[in-house]
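Fold and geometry: a report
Residue-level listing of the chains:
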Amino acid sequence: MHESRVPTVIPTTPFPDQKPGTSGLRKPVSVFQQPRYLENFIQAVFDSLPDHEGKTLVIGGDGRFFNAEAVQIILRMACANGIARMLVGKGGLLSTPAVSCLIRKHKAYGGFVLSASHNPGGAHGDFGIKYNIGNGGPAPESLTETIFAASRTVSRFRIVAAPHCDLGRIGSCRLNATAVEVVDPVADYAALMESLFDFDAISGLLKSPDFRMRFDAMNAVTGPYAKAILEDRLGAPAGTVVNGVPLPDFGGLHPDPNPVYAADLCAAMKGPDALAFGAASDGDGDRNMILGANAYVTPSDSLAIIAAQAHLVPGYAGRVAGIARSMPTSRAADRVAAALGVPCYEAPTGWKFFGSLLDAGKATFCGEESFGTGSDHVREKDGLWAVLYWLNILAKTRRPVADILAEHWAKYGRDYYSRHDYEGLDADAAAKLIKGLRAASLKGKSFGGRTVTLHDDFSYTDPVNGEETSGQGIRVVFDDGARIVYRLSGTGTSGATLRVYLERFESAPTAQGQDTQAALAELIGLSREIAGLAARTGRETPDVIT
Ligand code: VG1
Ligand code: CO
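Not measured: the values here are computed from a predicted model.

**Considering the site of ligand 1**
Around ligand 1, 20 residues are found, and the nearest of them are Thr22, Ser117, His118, Gly490 and Thr491. The contact in question runs from an oxygen atom of ligand 1 to an N or O atom on the side chain of Ser23, over 3.3 Å. Contact between ligand 1 and Ser489: an oxygen atom at 2.6 Å from a side-chain N or O atom of the residue. The residue makeup of the shell around ligand 1, split by class, is no nonpolar, 10 polar and 10 charged.

**Things to note about the coordination of the cobalt ion (ligand 2)**
Think of it this way: four donors in a tetrahedron around the metal ideally sit 109.5 degrees apart, and six in an octahedron ideally sit 90 or 180 degrees apart. The protein atoms that coordinate the cobalt ion (ligand 2) are Ser117 (OG), Asp282 (OD), Asp284 (OD) and Asp286 (OD), at distances of 1.9 to 2.1 Å. Each donor residue of the cobalt ion (ligand 2) belongs to the same chain, and together they define the spacing S-x164-D-x1-D-x1-D. With Ser117 in the loop between strand E5 (110-114) and strand E6 (126-132) and Asp282 in the loop between strand E12 (277-281) and strand E13 (288-292), this pair connects stretches of sequence that are 165 residues apart. According to the relative accessible area criterion, Ser117 is buried, its value standing at 2%.

**As for the packing of aromatic side chains**
If you walk through the whole model with that rule in mind, you get 18 aromatic pairs. Taking the centre distance of 5.7 Å and the plane angle of 40° together, the rings of Tyr316 and Tyr389 count as tilted. Of this pair, Tyr316 sits in the loop between helix H10 (299-308) and strand E15 (323-326) while Tyr389 sits in helix H13 (residues 383-397); the two residues are 73 residues apart in sequence, bridging distant segments of the chain. With respect to class, Tyr316 is no different from Tyr389; both count as buried. Ring geometry for Trp385 against Tyr389: centres 5.3 Å apart, planes inclined by 55°, an arrangement best described as tilted. One end of the pair, Trp385, and the other, Tyr389, are both in helix H13, 4 residues apart, so they sit about a helical turn from each other. For the pair shown, Trp385 and Tyr389 are each scored as buried. What links up through ring pairs into an aromatic cluster is the set Phe15, Phe32, Tyr37, Phe66 and Phe127. Above the plane of the ring of Phe505 lies Arg335, whose end atom (NZ or CZ) is 3.8 Å from the centre. Directly above the ring of Trp409 sits Arg414, whose terminal nitrogen or CZ lies 3.9 Å from the centroid.

**Some words on the nonpolar core**
Counting 74 residues, the largest nonpolar core has Phe197, Leu230, Phe277 and Trp385 as the members making the most contacts within it. Both of domain 1 (8-185) and domain 2 (189-412) provide at least three residues apiece to this core. Not counting the four nearest positions on each side in its chain, Trp385 is found in contact with Tyr189, Met193, Leu196, Phe197, Ile306, Tyr316, Phe365, Thr373, Gly374, Ser375 and His377.

**Overview of unusual backbone geometry**
The phi dihedral of Phe66 falls on the positive side, at around 90°, and the residue is not glycine. For Phe66, the position within the fold is in the loop between strand E3 (56-61) and helix H3 (67-80). A relative accessible area of 9% means that Phe66 is categorised as buried. Residues other than glycine seldom take positive phi values, yet Asn219 does so here, at roughly 60°. By relative accessible area, which is 9% here, Asn219 ends up buried.

**So, the sheet that holds E12**
Taken in spatial order, the 5 strands line up as E11-E10-E12-E13-E14 in an open sheet, and their pairing is mixed. The strands lining the two open edges of the sheet, one partner per strand, are strand E11 (241-242) and strand E14 (295-297). Looking at chain direction, strand E10 (residues 213-216) and E11 are connected through 2 bridges and run parallel. Across the sheet, the residue bridging to Asp216 is Val242, located in E11. Relative to the sheet, H13 contacts E10, E12, E13 and E14, its axis offset from that of E12 by approximately 165°.

Rules and cut-offs
Residues numbered from 1 in each chain as written. Chains lettered and ligands numbered in written order. Predicted model: local features only at pLDDT ≥ 70, side-chain atom pairs only at ≥ 80, totals over all residues. Heavy atoms only, no water. Near = heavy atom within 4 Å. Polar contact = N/O pair within 3.5 Å; in protein donor to acceptor, adjacent residues only side chain to side chain. Nonpolar A, V, L, I, M, F, W, Y, C, P; charged D, E, K, R; others polar. Donors = N, O, S within 2.8 Å, 3.2 Å for Na, K, Ca; no water. Helix = DSSP H or I, 4+ residues; strand = E, 2+ residues; numbered from the N terminus. Buried < 20%, exposed > 50% of the residue type's maximum accessible area, 1.4 Å probe, protein only. Phe/Tyr/Trp six-rings, centres within 6.5 Å; stacked < 30°, edge-to-face > 60°. Lys NZ or Arg CZ within 6 Å of the ring centre and 35° of its normal. Core = buried A, V, L, I, M, F, W, Y, C linked by side-chain atoms within 4.5 Å. Domains from an automatic or database assignment. Contact = heavy atoms within 4.5 Å. Pairing = 2+ DSSP bridges. Axes fitted to C-alpha atoms, helices over the stretch in contact; angles between N-to-C directions.

Here it is as structure tokens:
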């Protein structure tokens, strides 16, 4: 045997900080570039999966800085750890929903998603790794805890010394005993989309001269997917997809699809010459933002409307079993679920909490206020899926997005909703703020004209497998149904980010056309007062409002 092919066992010492957060391990690139840092974490994953030998894994990432190096290292480690077959997206690229799709379609044992999602990229940005299990979804908390524990004691990692695999061409090669199959990142995913949506109707809409749209891929992974599906397959005019080539630094953009970071797109959606439809996606393709001419669809409303309009969409008509939303997501979906006569589940933040509900057939649609929507077609949120879903609605109704929104609110009421993020806070100060909120006794207290009816720290028992999770966010609910939620981000990489979620319900159609921040002004003031935000953080205003 050629010596370079012998698996090598390399001694190492643990890093103390490899605890996966809301969505995998995320750190600045410079942290991942430290010798043995990536290797330790990957070995901790293998050590936490006792029956991984001889199995198939999927791997791909969003193309950000360090993606290419990380894929090669993980391939050589997979080989040394006895993995029989690796499916890799061409160029090392796969969107997060495409990883989920491939794991399911090829009945793989699991997979690695290389991405820090909506976090900035480039040499000075962030990198991340997430392990997904055989259902195609993120590892549940029990497994991420096992991986973290393994990372605390790892003392060696296994890697073969071998030349880089050529990932630039579709086809197979061997890495020692491991078959490495380089696959088209788009094909299986596009076929899945075609099985769910009315492609003929959407194509008709996209080709009609009075329908102008833009999809902003923000120089991240969805470019090739959106071009192949929207332009090549469905016939949208060339140039519909902008910023469509994945770049290691996202071309300096911040691929977080919201009105702050997708400002160019938002500008094109305003005024008399506005486009009819606009959408954007995040770094790894699992988030989406939906816009119409002079209309912005909050992610919470998007989930509710997707569920309410399922009868228009071939893959979902007549089969909505339930809806699930993350706790801070507005209760708009709950009203639709009630009208459909199906349950609505309220889970903690992070897609990993939806997996069991989807597997058990309890939820058909899932959503998060953070620009995430998806369904049981995969086990991740799915940005382009949401865009195609909206296009399917528009193709069938031929109504402007603004009308669809207004009609939805007239029927179900409107949940004015906003999230205020206070970023880069001192971690201790942020922890104290949450501790103070937890300890406060707010129930029964009145603020302005509102009285607190519920005050707790959200905890959750998974209705399928009984797994328990606590400390998921402070809820303050008032007698008029208005709600403030406070929680700390689990995806940031510097300091602490406090997220304050605000919502209030408005049933009167005549009062449903207000500006969101104005409609929530009183509640915003209360959110600052109750948490003692200015005194505890020194901040007068949030950094990002969505
Ligand atoms: C954020 C969002 C959460 C989402 C997570 C991963 O987490 O709030 O809803 O699931 O990002 O999304 P946090 O802990 O920072 O609030 V993605 O697209 O970055 O993988
Ligand atoms: Co993402």
